[in-house]
Every structure is written in C-alpha cells, then in structure tokens.
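Below are the chains, spelled out letter by letter.
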Amino acid sequence: MKKRFLLPLLFVLPISMMAKEVQTTSPNGKLVVTINDEGGKATYNITLNGQQMLKPSQLGFKANFGDFTQGLRILQERKETISKDYTMWQTKQKHTLYTANQLTLDLENARQQKMSIIFSVSDNDVAFRYEIPRQKNDNPKCALITEEASSFNLPDGTTTFICPQIDPMKGWERTKPSYEEEYKADAPMTEKSRYGQGYTFPCLFHLSNGWVLISETGVDSHYCGAHLSDYQAGNGYTVAYPQQGENNGFGSTSAQIALPGKTPWRTITVGETLKPIVETTIAYDVVEPLYEPSQEYKGGRYTWSWLIWQDNSINYDDQVKFIDLAAAMGYEFCLVDNWWDQNIGRERIVELSKYAQSKGVSLMLWYNSNGAWNDAPQTPRNCLSTSIARDREMAWLKSIGVKGIKVDFFAGDKQETMKLYEDILYDANRYGIQCIFHGCTIPRGWERMYPNYVASEAVLASENVFFSEHAAIQEPFELTLHPFCRNAVGTMDWGGVIMNKYLSPDNKSRHTRKTTDAFEIATAFTNQTAVQCIAMQPNNLEELNANELDFLKQIPTIWDDTRFIDGYPGRYVVLARHHNDQWYIAALNAQKEPLQLTLNISDFNVKNLLIDKTDKKGKTTTIATQPLKADKKGNVKITMQPNGGFVMF
Ligand code: CA
C-alpha cells in the first residue's frame, strides 16, 4: 500500500515544480504580455502584432520582511475586463474611455510569503504594479520596500532618447536632482549614463520595429519616485529608487507602506509608430482623483518678467508693466518671481494684486519650497514647508486674490519629498490656489490625482535659453523631442513662447534666439500645459505685426483632443490639438535644412496658415498668415524653415 501511495506523489510533485506561464492580451488582441516563473524568477515579455517589444524582463521586489525576487512561484491567476470613462481638463485630452484586460497573479516565495502582480493591458499600454498583503498571522502590518527588480529588457539594436539622472546635492546651490539634464537622441543602449546614476523618467526607446516609452504613475505620499538604472546586458534597465544623498541625505531611499499595500504603476507604452506614444493617456488611466476640487479651476496664459528681465525686475513698477502687458494681450495671469517678499514687500504685493485684478489679471507668486534640503537662497523661504506655515500663507494669498503659486527647488524623489508635493497641493486646494512646480520631479498622474495641480518644469527649460547660447542652440532639438517623451506623460511648464530676438531686455544685446517667430508661436501648441507662459516682453507690443499679436492673443491652452500627425524626436514634430470647435495643427522643425511635408488635412477644420516668410535668398524675414490651399484629396504641401514652424487653424 505504501509503495502505491508514493507513485502518484512522485508524479504530482514535478508538475507543481514546473514553470507556469500566463498570458494576457489587450482588448484588440494585438498586444500580448506573457508572464513566466521559470527558475523561481518572475519575468514578463511583450509582443505587439507578433513582434517582440520587450524581451523577458524581471519582476519582483525586496521588502524588509521578505525577498520577492527569487524562489517565486505563480499560484493562481484572475482575469477581468475593466472599462472606465473619465474627463479631465488639464492635459492633452478631455474625455477618455479606458478599456483594459486586467490580470492579477498571486505568487509566493520560497518562504511561502505572498504577493500579487497586477497587469492592466490596454491596446497600446501596459501598466503593472505589486500588491502586498499581510502575511501569516496577519503580520507584518507595515513594510519597507527597499528595492525593486522590475526591469525593461529591450531588444538588441534599440536606440535611446533618455535623460541622465544626476548626482544629488550638485549644481547651483546644491539643488539637484531636478530633471534638468540634457537628453541625448538615438544613442546605443550600451552607452554609459553621463553620471553613472541611470536615467530619469520618462525614457523613450526606438526599436527596429517600433517605439517604447517607459515611465511610472500613481506616485503619491505613500511612495518614493523612481528612475531607471544604467543598462545591463541581459537584464536591461531596472527600476531604481532615490539616491541616498537626495534631500541632503535625509530620509530613506526605500518606500514605507502599510499592509496591505501597493507600489505605484510602472507603465510601458508601445507602438509600431510614434502615434500611441504621443497620444498615450496611461499616466491618467490607472489613477483616480484623491480629492475634490474646492472650486472650478481654469487654464490660461501668463506673462513673466523674470525670464529676460531677471531679478532686477522684481519691483513694483516693472511688475505693473508685465500686468499691463497681460491685460493688453487678454492673458489671465502674471507671475511674480523670486524675492518679491523682500523687493516689493508684502504690503505692496497686496496693492499689486489689487491693481492686477482691476485690469482683469490674477497674480501668481513664486515660493522657495525650502525648508532645509538645499542652499537655494531666494525668498520667500519656509512658507510652504510645514502645514502651519502653509495654512497662514495660503489664507493670506486667498485674501488678496492670488490664484496660483510656483514652488521651486524641491529635493528629489524620496518619499519625504513626494509627501511635501501632496501636502502643498492639498492645502492649496482648500484656498482655491493652483500649483506649478519648478526645480522638481516629473508629475506621475498628478493632473488627475490632484485637481489643482497644473504643471511641473522637470525639463531643461526656457531659463537656460536666457542663461546660455548653447541652450538657445539646443532649444529646437529639445522642443521637438518633448512631445514624444517628457510632455507625453505629464504637463510641462517649459516657460514661454519667447518673442524677443535677443535674450536681453533691450532686445539688442547678448545672444540671439535661434528659432523663428513661427517656431515660437507653434510651441504654445506643441508644449502642453493648461497654464501656459507666453514670455512676451512689453517691447514686443510695438515690434510684432498686427497678425502676430492677434494670433498670440487667441492662443488656447485647454485641449479636448490631441493627435500625432508626423515627426521624429529631436528633428521635427507635427501635432493637431482641438479646442472647442477648432483644430490647430502645429509643427516645429529642428533641422538645419528646410523640411518639405505633404500633409492630409481633410480630418481637420483648418483654413489658415501662420508660417515663416522668407526673402529671395531663403532667409526667414517675418511671419505671414495666409489661406490654406489643399488639393482635392485634402493634401497640402508645406515647407518649414530650419528652426522654423507653422500653425494651421
Ligand atoms: Ca529650473
């Protein structure tokens, strides 16, 4: 009897040890994610239309109570279809219907500790995250997640469009990292990152058969922000947690969560073309609003003296000039930058706000997020770093009619700092204040999670075009890259349509702007943020022709829809955005040669073209608005000048 009993046991045992493979597909069946637990490692791979987009890549994490990177076994799977309809006003698209197949895999490690991996797979996006239950005897009830093994193993030959993570406490007044490093286009994966610290999200990859954009979303006060490690052959790029030195070394690099708990979503957008990359809404699809807006927030345009007039302009009289400029243009806001509390003073800011309101303009005020985490000296400091200070400050802001704040110089991606972002946003909402962040991290679903969040800098922004001629030369490259990358996952406060020819208040000295007027105007459409800086200067009112001024007055900032038409990151971009009943097609050319395009415009109600005008020698002289002439099939031929652009409307 005993022997008979043994036989089936021996037979059963190997089966339970065998690797398990589970598959899930997108609703249209074209995107396939396959998860496997072979050798005790959980891996996933992705194909699109049968083509490999991600080679087997690792899953798992290490917590302070258990190792979930090895000895893993898939126990069971659950599948469901989810569908949700939502609207939001601050991003590329107003109304989204998100449909996805969701797969939940329950796994255990060699110590029989449990965790689950959730995959949410829509037609061009994969989002996954880990859920961690309490273990035996309902313990532990809290955990530190110290490390994540999640990797992205792209096919060989893939090239990269990525931005290096810099060492902490470097740069001006020890304010880094702040997502302000230079992107490099079309580099091999094997190239080492510039600072040996990997890369900041989002990361764009060009495969032989398509494109992949990797980022994360749903990061709030319950977790740290992450980035990607350097490339490692065989494993690809791995999710990396903050560096120890961020936040002046204070606070953990781990995430501290209550159990049951979950990690943020890691997102992978895949496409055979760049269309799904530019149009993705995955950052918003898998998150939910965390609180109700206290009032209806509105988008708009703002003037900003600091970009070109710098610190000297933070005085009452100069701010009046930029308020008057906003009023003349019909713009909603004027941003008063750093040192206002000292150089204008709080009493006169009350007067200035009153003056602005009398002109139909609302003030936004700059703040230093500091605190204690870097040496940025600008004031006001210590006004937003505790809830006691915030409450006092924001009650005052509301009482004097200030509608928005720009908060600068944050301290990296540790959970400590994520908590500060959330606390500022939540408190600001109670006083009807919208928030723009600078010197900061990228948003991770925040436009949907926090209804009074507007945008983040988190890019090598317009201030650099002022600071150095090198950045002015790089501007076309950067701005033809971001619609495919940085701005594809979150709103971006690049900081201004610049109409001065020279980066100086007299518009005669220092270095020149390298872009044409049509290029600059088109950036108001290609750069997406609901509160857009039009960095015009008072002198531009006399310098620009009536056509240009009229058009600049009409620039919308709120979009119902966005469509990719053509482009290549870092070279050129053609996008269509829809506002109310009007389509706008905007394009930028970052190349040294004129670019001839044939575009089919039959889907868009565009009738006019604003474009660079050239003289007989081909030199761009001015800007022209002319009727669009399409052929019977709806095609138009357009030539874009080097560093030029156009807008159809
Ligand atoms: Ca900055």
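Residues numbered from 1 in each chain as written. Predicted model: local features only at pLDDT ≥ 70, side-chain atom pairs only at ≥ 80, totals over all residues. Heavy atoms only, no water.

## Considering the nonpolar core
Piece 1. Ranked by internal contacts, the top residues of the largest apolar core, which has 193 residues, are Tyr44, Phe119, Ile268, Phe437, Leu552, Phe646 and Met648.
Piece 2. With 7 residues, helix H5 (residues 316-329) is the single largest residue contributor to this core.
Piece 3. Not counting residues up to four positions away in its chain, the partners in contact with leucine 552 are Arg301, Met329, Tyr331, Val497, Met499, Ile521, Ile534, Met536 and Leu544.
Piece 4. With 7 residues, the next largest nonpolar core counts Tyr98, Ile118, Trp265 and Val286 among its residues. (Core = buried A, V, L, I, M, F, W, Y, C linked by side-chain atoms within 4.5 Å. Buried < 20%, exposed > 50% of the residue type's maximum accessible area, 1.4 Å probe, protein only. Helix = DSSP H or I, 4+ residues; strand = E, 2+ residues; numbered from the N terminus. Contact = heavy atoms within 4.5 Å.)

## Topic: the coordination of the calcium ion
Piece 1. Protein coordination at the calcium ion: the donors are Glu180 (OE), Glu457 (OE), Glu457 (OE) and Glu463 (OE), at 2.3 to 2.5 Å from the metal.
Piece 2. Linear spacing of the donor residues for the calcium ion on their chain is E-x276-E-x5-E. In this pair, glutamate 180 sits in the loop between strand S13 (159-164) and strand S14 (184-188) while glutamate 463 sits in helix H11 (residues 462-467), placing the two residues 283 residues apart along the sequence. Grouping residues by exposure puts glutamate 180 and glutamate 463 together as buried. (Donors = N, O, S within 2.8 Å, 3.2 Å for Na, K, Ca; no water.)

## Re the sheet that holds strand S26 (residues 434-437)
Piece 1. One open sheet accounts for 7 strands, arranged S27-S26-S25-S24-S23-S22-S28; its pairing is parallel. The open sheet has two free edges, formed respectively by strand S27 (453-456) and strand S28 (531-533), since each of these has just one partner strand. On average, each strand axis in the sheet is inclined to that of its neighbour by 25°, with strand direction left out of account.
Piece 2. As paired strands, S26 and S27 are joined by 3 bridges and run parallel to one another. Each bridged residue has a counterpart across the sheet, and for isoleucine 436 the counterpart in S27 is alanine 455. (Pairing = 2+ DSSP bridges. Axes fitted to C-alpha atoms, helices over the stretch in contact; angles between N-to-C directions.)

## With respect to the pattern of salt bridges
Piece 1. One pass over the structure, following the stated rule, counts 34 salt bridges.
Piece 2. Here aspartate 427 and arginine 390 are joined by a salt bridge, their closest N and O atoms 2.7 Å apart. On the criterion of sequence distance, the pair formed by aspartate 427 in helix H9 (residues 415-430) and arginine 390 in helix H8 (residues 387-399) is long-range, its members being 37 residues apart.
Piece 3. Its salt-bridge partner being aspartate 427, residue arginine 430 comes within 3.2 Å of it at the nearest N-O pair. One end of the pair, arginine 430, and the other, aspartate 427, are both in helix H9, 3 residues apart, so they sit about a helical turn from each other.
Piece 4. When salt bridges with common partners are traced through the structure, they connect Arg390, Asp391, Lys419, Asp423, Asp427 and Arg430 into a single cluster. (Salt bridge = Lys/Arg side-chain N within 4 Å of Asp/Glu carboxyl O.)

## Focus: empty space enclosed by the protein
Piece 1. Tallied over the full model, the rule gives 2 cavities of 30 Å³ or more.
Piece 2. Computed from the structure, the largest cavity encloses a volume of approximately 70 Å³.
Piece 3. Lining the largest cavity are 14 residues, with Cys163, Tyr179, Tyr183, Ala458 and Val459 sitting closest to its centre.
Piece 4. Counting residues per element, the lining of the largest cavity draws most heavily on strand S15 (residues 199-207), which supplies 3 residues.
Piece 5. If you add up the space inside the second largest cavity, you get close to 60 Å³.
Piece 6. Of all the elements in the fold, those that place two or more residues in the lining of the second largest cavity are helix H13 (486-489) and strand S30 (572-579). (1 Å grid on protein atoms, 1.4 Å probe; cavity = no way out; pocket = protein on both sides within 12 Å on 5 of 7 lines; lining within 4 Å. Points joined across faces, edges and corners; volume = space filled by probe spheres on them.)

## Details of helix H7 (residues 346-358)
The periodicity of an α-helix, 3.6 residues per turn, causes residues three or four positions apart to be oriented the same way.
Piece 1. For H7, which comprises 13 residues, the first-to-last C-alpha distance of 19 Å matches the rise-based estimate of 18 Å (1.5 Å per residue) to within 8%.
Piece 2. The set of residues buried in H7 consists of Ile349, Leu352, Ser353 and Ala356. Buried residues of H7, viewed axially, fall in a sector of 100°; they line one side. Residues Glu347, Lys354 and Ser358 are exposed on H7 and point more than 90 degrees away from its buried face.
Piece 3. Summarising the contacts, the buried residues of H7 are in contact with H5, strand S23 (333-336), helix H6 (340-343), strand S24 (362-368) and H8. (Expected span 1.5 Å × (residues − 1). Arc of directions from axis to C-beta.)

## Description of the environment of glutamate 542
Piece 1. Here glutamate 542 lies in helix H15 (residues 540-543).
Piece 2. A residue is classified by how much of its surface remains accessible, and glutamate 542, at 70% relative accessible area, is exposed.
Piece 3. Distance from glutamate 542 to arginine 577, taken between C-alpha atoms, is 30 Å for residues 35 residues apart in sequence.

## Some remarks on the pairing of S23
Piece 1. On S23, burial covers both faces: Phe333 and Leu335 on one face and Cys334 and Val336 on the other are all buried.
Piece 2. Judged from the 4 bridges that link them, S23 and S24 form a sheet pairing that is parallel. Bridge assignment links valine 336 to a residue of S24, and that residue is leucine 365.

## Brief notes about the sheet that holds strand S4 (residues 51-58)
Piece 1. On the basis of which strands lie adjacent, the open sheet formed by 4 strands has the order S1-S2-S3-S4 and antiparallel pairing. Each of the sheet's edge strands pairs with one partner strand only, and the pair in question is strand S1 (21-25) and S4. Across the sheet, the mean angle from the axis of one strand to that of its neighbour is 15°, orientation sign disregarded.
Piece 2. Across 5 bridges, strand S3 (residues 43-48) lies against S4 in antiparallel orientation. Bridge pairing links threonine 43 to glutamine 58 in S4.

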